[in-house]
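# Report on the structure
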Number of protein chains: 2
Amino acid sequence: MSSDIPDHLELLLRLERRAGVSLERQLLEKLRGAILQGTMQAGWRLPSTRTLASALGISRNIVVAVYDELSVEGYLILRHGSGAYVNDDFSLPAQVAPPALARMPRWLPPAPSPLLNPVDLEPDMIVFQPGASLISLLPLSVWRSTWQRVTTELPPSFYHRAAGDPELRCALAIYLSRSRGIRCTADDLILTASARHALQLLAEVTQVRDKAVGFEEPGYRQARDTLLAEGAHILPLPIDDDGLRIDALPTGIHAPPLVYVTPSHQYPLGMRLAITRRMDLLAWAQAHDSLVIEDDYDSEIRFDAAPLPALAAIDAHRSVAYIGTFSKTLTPALRLGYILAPRVLLERIEQRLLQTGSQISWPMQRALYTLLIEGHLERHIRRMRRHYAEKRALLSQILAPIAHLARLRGLEAGLHAYLELRADLNARALATTTWKRKVMVVPVDFFYYGVPDRQGLILGYGGLDHNALIAGATLLREAIEQQAQGR
Amino acid sequence: MSSDIPDHLELLLRLERRAGVSLERQLLEKLRGAILQGTMQAGWRLPSTRTLASALGISRNIVVAVYDELSVEGYLILRHGSGAYVNDDFSLPAQVAPPALARMPRWLPPAPSPLLNPVDLEPDMIVFQPGASLISLLPLSVWRSTWQRVTTELPPSFYHRAAGDPELRCALAIYLSRSRGIRCTADDLILTASARHALQLLAEVTQVRDKAVGFEEPGYRQARDTLLAEGAHILPLPIDDDGLRIDALPTGIHAPPLVYVTPSHQYPLGMRLAITRRMDLLAWAQAHDSLVIEDDYDSEIRFDAAPLPALAAIDAHRSVAYIGTFSKTLTPALRLGYILAPRVLLERIEQRLLQTGSQISWPMQRALYTLLIEGHLERHIRRMRRHYAEKRALLSQILAPIAHLARLRGLEAGLHAYLELRADLNARALATTTWKRKVMVVPVDFFYYGVPDRQGLILGYGGLDHNALIAGATLLREAIEQQAQGR
């Protein structure tokens, strides 16, 4: 290499005549890198284009082009007749290792609450996870045909309706009419990424910050957390064997503007809201100009019990926002839910979806359309019912011998049951005992906002296969017997 | 039918011995419907089970089961020895037609701003839509193979990491290193539904409400709207030919905690932020403990100009949150974006994704993984570059004759250019003129937060085919000439 070029640049600027990256590109990147890394310091004069070209054995045009580009980019100053210099103004921040952020930066507010870290579960743990389902009941051939509509056509270049494709929403309206007796049209529906996403959007557009929201106690904790994160004040409402006690709802000026309920299968206790109470709740909402948020998270999965009409199906005064999901009937991995609500609310939600850029993707919409319109979903739900009915029977059978200690409830529907413990038993201690023996059950305490007044366990059996269910329930039965015997 | 049963129930309770729906289910639904619709009023005594069974010609067991179920559901009261009655407590809300909601309900706050309705475009309109791209350049065979990984395996029953699958994030980190020189790992990245979704999450976790956010003026309006919706105060910052004027950034106690920039291709004017300014911006951010939000929305689509290093690539002090999207390189219909940021920020964003239930679905993640790992995306981008370079040349050529009136700028990268008009021309009037002749162009005014100080048009050419581009640009040229001639 020519003596015009400092030795330490020799290695640096060595170009490779390899395929794929042009010599110009290589030189550009190497020079830029040298400046950025401080190897070529501010004010340093570069070799002339002729000198560098001859030293590197490349055409001078390449060097001229590279110097020009670096000048345009601001790395170099080209002085006419005098050559190229590394820009003086180029003040590189000191290349220190990233600091460990010992101190929080001022743009990061204090964490709103201790962050919930997902529990690390050992792989051989038997987890009675509430809400878990088994997508494995879906034949792979059905899954494959679900995607056919997606793969045979390129997606559009634009995003059309934030609410979701009208054709898909029409199919969803028909599905809701068939499965839940809700009469609605495409315009009454918006697609969301989940029931939780629907609830969060609802909370945003109704501006729940500093407002009271009536909430079942115990209730669906994740939904409550979403409302709390939006700044709502939770007003815990008692439940009994017939579900939410409507007589406990505040009236007059104390009536909360929103009430969240799970009428089909109370989360977590599993009872259904009695029909008279449904009527009373709607009458209360109408009288107080309040909105009822009906979370119908797993109503499709019901057993011998017939479905009670959804609040949305008997609501004559647009007091109900109905939230649904495909997380239980299919899998949460699909991120598909929906909301059915008065149109004045839907308009706001669609705007919010646009503003937050969190609309549902075209491929997922197409796939869901196929699942609905070709009857795949309804057939899958029938398979699930048979399958979960078996599991439910198994669970009942295993726990039957300790009925005097622990009574299974909320078995009419859904993917979990509530195991009501005798008052002198301790649910938390039981959960700790079984945890040590690799069986995870959730004490009902977890779902309370205030002070728990029940002893019980939530047993999510939907996600367990038969063997795990038998092993887990048997171990649980033994643990309960042992606790009762004071061992 | 037996005379024990009122005539008007005769039609109502007629059962069909058809496949699919059991007689029990039919009877249950018909009776429930009659109660809900008020045909069978509160207090009414039902026929005995024996009478009804014989009248309908069905087994008495069926009727007993149905009465029991309706009693459990609260529709009927069974009085021992006296029969079944429609529940007295059953107060059905009056079945009036839904009111037109003349008055807003109390749970619906006033609309935050006039709702933006999408403009109704006639189908033969030539739309110079900024940001629009053409997914049609992707071969259908590539699209099909993209989905192969999705269709050959059932999705999981659980949702794992809200941040996105680690394997996919690893592939994305490699892509960012190749395409933007950003060295990062899977743990530095979170997947989002779009760049806008990423920005909204950032705004939420940094709690921008009532905080100042520095923002280019003119700037990316949709991003500004997202920040405004989160309650941020927008601090407009001037730009010149080298991009954002760093010298105009407030210092000391007036320094905003966040600054949003589009360094690769300023939105909407199209210039690149000079390298010295990049350094100065980072030094400013470090000195003031501020966060720079770098929206690199279309950096992949660049032409003869070499890329300048991303702020995230030369940021030594974790002052940068880098936002990217696949909306421009693929299509917004996929709803795929990402954010690369200091981990302390990512932890919060992942929590927020969980809380809002708006994580990316498993099928979309699998598809993106294939696009990245098999090189489909990079090949597609190369095709796009060639294609858009042609369009760019075409646009330049058509507008060349009026260079004294209108100068094309910001052509080094992206899917749109800025047409700077001579100061005495009127961009709004031009847009109105061309609109009437079915060509939509956007005046630069649209992107201002304050008072516009430029006359110009934003020409999104990415989504137009050649013929539309030629027709639209020619018409635009004529309109400019006519305005200049005072016609």
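Residues numbered from 1 in each chain as written. Chains lettered and ligands numbered in written order. Predicted model: local features only at pLDDT ≥ 70, side-chain atom pairs only at ≥ 80, totals over all residues. Heavy atoms only, no water.

Another aspect to go through is the relation of the copies chain B and chain A. Placing chain B over chain A gives an RMSD of 0.2 Å and needs a rotation angle of 180 degrees, together with 0.0 Å of translation along the axis. The transformation just described matches what one would write down for a two-fold rotation axis. Looking at the rotation axis and the C-alpha trace of chain B, the residue lying nearest is Ser 358 of chain B, at 3.4 Å. Mapped onto chain A, 99% of the interface residues of chain B again fall at the interface, so both copies present the same surface. (Least-squares fit on C-alpha atoms with pLDDT ≥ 70 in both. Contact = heavy atoms within 4.5 Å.)

Residues and elements named next belong to chain A. Averaged over chain A, the pLDDT score is 87; the fraction of residues at 70 or greater is 90%. Low pLDDT (under 50) marks residues 91-100, which in the prediction has 19 contacts with non-local residues, meaning those over four places away or in another chain. What the predictor reports for the complex is a pTM of 0.81 with an ipTM of 0.81. (pLDDT = per-residue confidence, 0-100.)

This next bit is on the interface of chain B and chain A. Across the contact, 113 residues belong to chain B and 112 residues belong to chain A. Interface of chain B and chain A: buried area, both sides summed, is about 9500 Å²; carbon and sulfur atoms make up 61% of it. Considering only the side of chain B, the residues that lose the most area to chain A are Arg 106, Trp 107 and Arg 348 of chain B, jointly responsible for 9% of the buried surface there. For the interface between chain B and chain A, the tally reads four salt bridges. In this structure, the connection of chain B to chain A is made through 39 residue pairs in polar contact (both at pLDDT 80 or more). Among the elements that take part in the side of chain B that touches chain A, helix α12 (residues 343-356) of chain B stands out by supplying nine residues, more than any other. Grouping the constituent residues of the side of chain B that touches chain A by class yields 64 nonpolar, 27 polar and 22 charged. (Buried area = accessible area lost by both parts, 1.4 Å probe. Salt bridge = Lys/Arg side-chain N within 4 Å of Asp/Glu carboxyl O. Polar contact = N/O pair within 3.5 Å; in protein donor to acceptor, adjacent residues only side chain to side chain. Helix = DSSP H or I, 4+ residues; strand = E, 2+ residues; numbered from the N terminus. Nonpolar A, V, L, I, M, F, W, Y, C, P; charged D, E, K, R; others polar.)

Attention now moves to the packing of aromatic side chains. Residue and element names in this part refer to chain A. Counting across every chain of the model gives 21 aromatic pairs over all chains. Taking the centre distance of 6.3 Å and the plane angle of 40 degrees together, the rings of Tyr 175 and Phe 326 count as tilted. Here Tyr 175, found in helix α7 (residues 166-180), pairs with Phe 326, found in the loop between β10 (320-325) and β11 (337-340); they are 151 residues apart in sequence, far enough to count as distant. Across this residue pair, the class does not change: Tyr 175 and Phe 326 are buried. Ring centres of Tyr 220 and Tyr 267 lie 4.2 Å apart, and the angle between their planes is 35 degrees; this geometry places the pair in the tilted category. (Phe/Tyr/Trp six-rings, centres within 6.5 Å; stacked < 30°, edge-to-face > 60°. Buried < 20%, exposed > 50% of the residue type's maximum accessible area, 1.4 Å probe, protein only.)

Let us look at the side chain of Thr 329 of chain B. Residues and elements named next belong to chain B. Mapped onto the elements of the fold, Thr 329 is located in the loop between β10 (320-325) and β11 (337-340). We classify Thr 329 as buried; its relative accessible area is 0%. Non-local contacts of Thr 329, meaning those with residues more than four positions away in its chain, are made with Glu 300, Ile 301, Leu 377, His 380, Ile 381 and Met 384.

In this section: the sheet that holds strand β15 (residues 442-443) of chain B. Residues and elements named next belong to chain B. Strand order in this open sheet of four strands is β12-β13-β16-β15, and the pairing throughout is antiparallel. Each of the sheet's edge strands pairs with one partner strand only, and the pair in question is β12 (406-409) and β15. Strand direction decides the pairing type here: strand β13 (residues 416-421) and strand β16 (residues 456-460), joined by five bridges, are antiparallel. When the bridges of β16 are listed, Glu 420 appears paired with Gly 456. (Pairing = 2+ DSSP bridges.)

Sheet strands associate in pairs through backbone hydrogen bonding, adopting either a parallel or an antiparallel arrangement. Residue and element names in this part refer to chain A. If you trace the four strands from one edge of the open sheet to the other, you get β12-β13-β16-β15, paired in antiparallel fashion. With one partner strand each, in any of the chains shown, β12 (406-409) and β15 (442-443) form the two edges of the open sheet. Bridging between β15 and strand β16 (residues 456-460) involves two bridges; their strand directions are antiparallel. Paired with Pro 443 across the bridge in β16 is Leu 457. Sheet strands in contact with helix α14 (residues 376-399) are β12, β13 (416-421) and β16, and its direction is about 165 degrees off that of β12. (Axes fitted to C-alpha atoms, helices over the stretch in contact; angles between N-to-C directions.)

A cis amide bond links Glu 217 of chain B to the next residue, Pro 218 of chain B, at an omega of -5 degrees. Mapped onto the elements, Pro 218 of chain B comes out in the loop between β5 (212-217) and α9 (221-229). Residue Pro 268 of chain B follows Tyr 267 of chain B across a cis peptide bond; omega there is 15 degrees. By the element assignment, Pro 268 of chain B lies in the loop between β8 (258-261) and α10 (275-288). The phi angle at Asp 210 of chain A is positive, at roughly 65 degrees, despite the residue not being glycine. Residue position: Asp 210 of chain A is located in the loop between α8 (195-205) and β5 (212-217). Look at Lys 438 of chain B: it is not a glycine, yet its phi comes out positive at around 65 degrees.

It is worth spelling out the domain arrangement of chain A at this point. Residue and element names in this part refer to chain A. You can read the domains of chain A as domain 1 (7-86), domain 2 (118-132 + 379-484) and domain 3 (139-374). The centre of domain 2, based on its C-alpha atoms, is set 26 Å off from the matching centre of domain 3. The interface of domain 2 with domain 3 comprises 30 residues on the first partner and 31 residues on the second. Across the pair Arg 409 and Asp 241 runs a salt bridge whose closest N-O atoms are separated by 3.2 Å. For the pair domain 2 and domain 3, the number of links is 16 residue pairs in polar contact (both at pLDDT 80 or more). Listed by contribution, the elements that provide at least two residues to the side of domain 2 that touches domain 3 are α14 and β13. Ranked by the residues each element gives to the side of domain 2 that touches domain 3, the list is headed by α14, at nine residues. (Domains from an automatic or database assignment.)

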